[in-house]
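# An overview of the molecular structure
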Amino acid sequence: WVGDTCPGASDVAVFNGTDTSNAVINANTTVGGIQIDAAYTGTIATAAGVEVTVDAQGFTQAGGTFTAPPSFILSGNFTRTGGTFTHSSGTVTLRTLNASTITFSPGTSLTLYDLMLDRGDVNAGTVTLAGDFTVAHDFTLQTDRSDGSALTLNADGTARTVTVEGALRAPS
């Protein structure tokens, strides 16, 4: 990443091709965002059991390979326009906070193992789907809370297809 220092909770980890070396996230971490530019040709992987949380600045990928950890929590937009995103186990969680809206733009040919949409606090939130994708196992909607506010799931104005090969779990 740019700067060769571990990014902090409010920092965006930027992989811009200045150095195309592979990177391994080997400890639980929270960052403000992850940005993988088209010029980056390396692989970003995670050690076993690591949880990565990406806050409001979101995740963008235009190049390289990102191997998602078993627990990948996003509270910002997910935008993939290139590169390879690999997720073969665990859960990607889109967690709205403070009545936020998360736009999920998966690009082409994206498969997630498990996907959870979660309203992470007492304020209602929105997830907007801006592309088609596959969930290889379970798709869970954590939409309602006891306070009556809810999570809203929208499409971006275009009909979207989400293929769920496992269970679709939603509150009754």
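Note that the structure is a prediction, hence the values are computed from the model and not measured. (Residues numbered from 1 in each chain as written. Predicted model: local features only at pLDDT ≥ 70, side-chain atom pairs only at ≥ 80, totals over all residues. Heavy atoms only, no water.)

## What to know about the pairing of strand S5 (residues 51-61)
Applicable threshold: A pair of strands is treated as paired once DSSP finds two or more bridges between them. The secondary structure listing takes helices from DSSP runs of H or I that are at least 4 residues long and strands from runs of E that are at least 2 residues long, numbered from the N terminus.
Two elements, strand S3 (residues 29-36) and S5, share seven bridges in a ladder whose sense is parallel. Looking at S5, one finds that Ile34 is bridged to Phe59. Pairing of S5 with strand S7 (residues 71-74) involves four bridges; the strand directions are parallel. From the neighbouring strand, Val54 faces S7, where its bridge partner is Leu74. As paired elements, S5 and strand S8 (residues 78-80) share three bridges and run parallel to each other. Counted as the bridge partner of Phe59 is Phe78 from S8.

## Points about unusual backbone geometry
What counts, and what does not: Type-normalised accessible area, obtained with a 1.4 Å probe on protein chains alone, sets the label of each residue: buried when under 20%, exposed when over 50%, and partly exposed for intermediate values.
The residue Ser109 is not glycine, and still its phi comes out positive at about 55 degrees. Following the sequence through the fold, Ser109 ends up in the loop between strand S11 (101-105) and strand S12 (111-112). According to the relative accessible area criterion, Ser109 is exposed, its value standing at 72%.

## Looking at the sheet that holds strand S4 (residues 43-46)
Put simply, the test is: Axis lines are fitted to C-alpha atoms, over the contacting stretch for helices. Their N-to-C directions set the angle, which ranges from 0 to 180 degrees.
Across the sheet, which stays open at both edges, the four strands sit in the order S2-S4-S6-S9 with parallel pairing between neighbours. Whereas interior strands pair on both sides, the edge strands pair on one side only; in this sheet they are strand S2 (23-25) and strand S9 (84-86). Put simply, the sheet's adjacent strands are angled 15 degrees from each other on average, direction ignored.

## Brief notes about the sheet that holds strand S18 (residues 162-164)
Taken together, the three strands give an open sheet; going across it, the order is S12-S15-S18, and neighbouring strands pair in parallel fashion. Looking at the sheet topology across the chains shown, the edges are occupied by S12 and S18.

## Regarding the confidence of the model for the chain
Predicted coordinates in areas of low pLDDT are best not read in detail. Just so we agree on the cut-off: Per-residue confidence from the predictor is reported as pLDDT, which spans 0 to 100.
Averaged over all residues, the pLDDT of the chain is 89; the fraction at 70 or higher stands at 91%. Within the chain, the element-level pLDDT minimum falls on strand S17 (residues 151-155), averaging 81, and the maximum on S8, averaging 98.

## A word on the environment of Asn98
Among the structural elements, Asn98 can be located in the loop between strand S10 (91-96) and S11. Exposure remark for Asn98: the relative accessible area of 61% places this residue in the exposed category. For Asn98 and Ala124, which are 26 residues apart along the polypeptide, the C-alpha to C-alpha distance reads 7.4 Å.

## Some remarks on the packing of aromatic side chains
Put simply, the test is: For this analysis, a ring pair means two rings from Phe, Tyr or Trp (six-membered ring only for Trp) whose centres lie within 6.5 Å, classed as stacked if their planes differ by under 30 degrees, edge-to-face if by over 60, and tilted for the remaining angles.
Scanning all chains against the criterion turns up 11 aromatic pairs. An angle of 45 degrees between the planes, with centres 6.1 Å apart, marks the rings of Phe72 and Phe85 as tilted. Here Phe85 lies in strand S9 and Phe72 lies in strand S7, a separation of 13 residues in the sequence. On the accessibility criterion, Phe72 (0% relative accessible area) is buried. Centroid distance Phe104 to Phe133: 4.9 Å. Interplanar angle 65 degrees. Geometry classified as edge-to-face.

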